[in-house]
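Structural description and commentary
What follows is each chain in one-letter form.
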Amino acid sequence: MSTSTATAVACPNIAFIKYWGNRDQALRLPENGSISMNLAELETRTRVTFDTTFPLDMFDLNGKRQSGPALDRVIKHLNLLRGLRGISTHAHIFSENNFPTGAGIASSASGFAALTLATVSALGLEISEVDLSRLARRGSGSACRSIPAGFTEWQKGINDLDSFAFSLAAPDYWNLADCIAVIEEEEKKTSSTEGHALASTSPLQAARVADSIRRLEICRNAIQKRDFDALAAIIELDSNMLHAVMMTSRPALYYWEPASLNLIKAVQSWRKTGLGVACTLDAGPNVHVIFEASDTEKITQRIKTFPGVRDVILCHTGDKTHLL
Ligand code: DP6
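Bear in mind the structure is a predicted one, so any value in this text is a computation, not a measurement.

1. Digging into the overall build of the protein
Across its full length, the protein holds nine helices and 16 strands. A compact globule built from 324 residues would reach a C-alpha radius of gyration of about 20 Å, and the protein, at 19 Å, matches this within 12%. Reported as C-alpha extents along the three principal axes, the dimensions of the protein are approximately 65 × 40 × 35 Å. Counting the 324 residues in the protein, one finds 57% classified as buried. For the protein, long-range pairs separated by at least 24 residues make up 75% of all intrachain contacts whose partners lie at least 6 apart in sequence. Here the protein displays about 13400 Å² of accessible surface, and carbon together with sulfur accounts for 54% of that area. Taking the average location of the 33 positive side-chain charges in the protein and that of its 35 negative ones, the two points are 3 Å from each other.

Written as C-alpha cells, this is what we have:
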C-alpha cells in the first residue's frame, strides 16, 4: 500500500471586472479578462489523500458524501492532475467551506483552488504559481484568481498556456472590505457554468466583451492608485453590464431579488451623501458592498438592518491559496 496526503486552504474572491462567457468551454478560456479581490475570513479547506487500496474516488463536502454532477466535476479535475504524474490511483477528498455553498459567494473558486493545490502537492509535483492558476482554471474559471494573493487579474490569454491569474497588489496594499448582504442562502437556480454557455445568446455580450479592455484598465489603475471613487464607478458599471447580459440571454437569467435592487439603490444614495461605498453582484442575489475598512462600522450597521437582508458576512482582502 502506498498513501500520500496534503491539505490546502483557499479563499473565494469577488470579481470587480467579471468573467462571463467562454470562447473555449472545455478549456475555460474566457471571452474577457477579469479582476478580483480574494476574500479573507471565508475559506475552503480541502484534504486530498491518494491511496493505492482505494477502489474509487470519493468526495465529501461539508460532511456530505457527493455523487452525480458534483462528484463528476471533481473526478474530471483529478484526472487532469493525475495525468501530470501518469498515475490512476484513487483519492478521497474532504472539503469544508466556512460559508454557504452556492449563494453567489463563489464556492467553486475556493473549492477548485484548494483542490488543485492539495492534489498537486499530494502527487508530489513542484508547480509554479502560474501553472497552478492555469490548472485551477480548468476546474472553475474564477478559481484561477484565488491562487495568487490579494487583488488579482486573470489575463484571458490566447491559449491554455497563457490564460492564468497573477497578483496586481498584495492583500495589505489597500484595506478594502466586502460586506456581503445575504439575501438568499439557497443554491442558485442556474449555475455559473450553465450561465457562461448562454452568454453568447445575449445581443449585449459582444459589446460587454469589446469594452472590457477599457474597464480592466480603469480598474487596474484604481487599485494601483487606491482611488475609491474610480473603483466604485467601474465595478458598478461592470456588474450592471454583466446582469444586463444575463437578463437579455435566452432564456433570460434574473439573479436579482427585489431586496437586491433595493440595496443597490440604497448604496447609490449613501454614496451621494459622501460615503465611499459601491456594490457588485455575481450570479446570485447577494449584494457585495465594497468600502474602505475604516468605514466598516458606519456601513455594516446600515446593511445589517436593511429590509430583506438575512445575514451579513464581513470580509477583507485575502491571501493566496496555501498548504497547511
Ligand atoms: C458571475 O468561475 O463560477 O461570478 O468556470 O463554470 O466554474 P465556472 O464559472 P465561475 O463563474 C464566475 C462568474 C461570476 C463572475 C466572476 O467571478 O468573474
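The rest of the description comes next.
2. Description of the domain arrangement of the protein
Examined at the domain level, the protein breaks down into domain 1 (3–171) and domain 2 (176–316). Centre-to-centre, using C-alpha coordinates, domain 1 lies 23 Å away from domain 2. On the domain 2 side, the residues contacting the 33 residues of domain 1 number 46 residues. Approximately 3300 Å² of surface area, both sides summed, lies buried where domain 1 meets domain 2, with 64% of it carried by carbon and sulfur atoms. When the area that domain 1 buries against domain 2 is broken down by residue, the three leading residues are Phe16, Lys18 and Trp20, summing to 26%.

3. Digging into the packing of aromatic side chains
Considering all chains together, one arrives at three aromatic pairs under this definition. Between Phe151 and Trp174, the ring centres sit 6.5 Å apart and the planes meet at 35 degrees, which makes this aromatic pair tilted. You can see Phe151 sitting in strand E10 (residues 151–155) and its partner Trp174 sitting in the loop between strand E11 (164–169) and strand E12 (176–182), a full 23 residues away along the chain. When the centroid spacing of 6.4 Å and the interplanar angle of 75 degrees are considered together, the rings of Trp174 and Phe228 count as edge-to-face. Taken as a pair, Trp174 in the loop between E11 and E12 and Phe228 in helix H7 (residues 228–247) lie far apart in primary sequence, 54 residues in all. Each member of the pair, Trp174 as well as Phe228, is classed as buried.

4. Remarks on the environment of Gly318
Among the secondary structure elements, Gly318 is positioned in the loop between strand E15 (311–316) and strand E16 (322–323). Expressed as a C-alpha distance, the spacing of Gly318 and Ser212, which sit 106 residues apart in the sequence, is 25 Å.

5. A word on the site of the ligand
In the vicinity of the ligand there are 16 residues, among which Arg73, Ser140, Gly141, Ser142 and Thr193 approach most closely. Note that an oxygen atom of the ligand is positioned 2.7 Å from one of the side-chain N or O atoms of Ser140. In the environment of the ligand, an oxygen atom lies 3.4 Å from a nitrogen or oxygen atom belonging to the side chain of Ser192. Summarising the interface, the protein chains cover 98% of the accessible area of the ligand, which totals 460 Å² for the free molecule. Counting residues per element, the shell around the ligand draws most heavily on helix H4 (residues 192–198), which supplies three residues. When its residues are assigned to classes, the shell around the ligand shows four nonpolar, seven polar and five charged. Mapping the shell around the ligand onto the domain boundaries places at least three of its residues in each of domain 1 (3–171) and domain 2 (176–316).

Rules used in this analysis
- Residues numbered from 1 in each chain as written.
- Predicted model: local features only at pLDDT ≥ 70, side-chain atom pairs only at ≥ 80, totals over all residues.
- Heavy atoms only, no water.
- Helix = DSSP H or I, 4+ residues; strand = E, 2+ residues; numbered from the N terminus.
- Rg over C-alpha atoms; globule rule 2.2 N^0.38 Å.
- Buried < 20%, exposed > 50% of the residue type's maximum accessible area, 1.4 Å probe, protein only.
- Contact = heavy atoms within 4.5 Å.
- Areas by Shrake-Rupley, 256 points an atom, 1.4 Å probe, with all protein chains shown as cover.
- Lys, Arg positive; Asp, Glu negative; His and termini not counted.
- Charge placed at Lys NZ, Arg CZ, Asp CG, Glu CD.
- Domains from an automatic or database assignment.
- Buried area = accessible area lost by both parts, 1.4 Å probe.
- Phe/Tyr/Trp six-rings, centres within 6.5 Å; stacked < 30°, edge-to-face > 60°.
- Near = heavy atom within 4 Å.
- Polar contact = N/O pair within 3.5 Å; in protein donor to acceptor, adjacent residues only side chain to side chain.
- Nonpolar A, V, L, I, M, F, W, Y, C, P; charged D, E, K, R; others polar.

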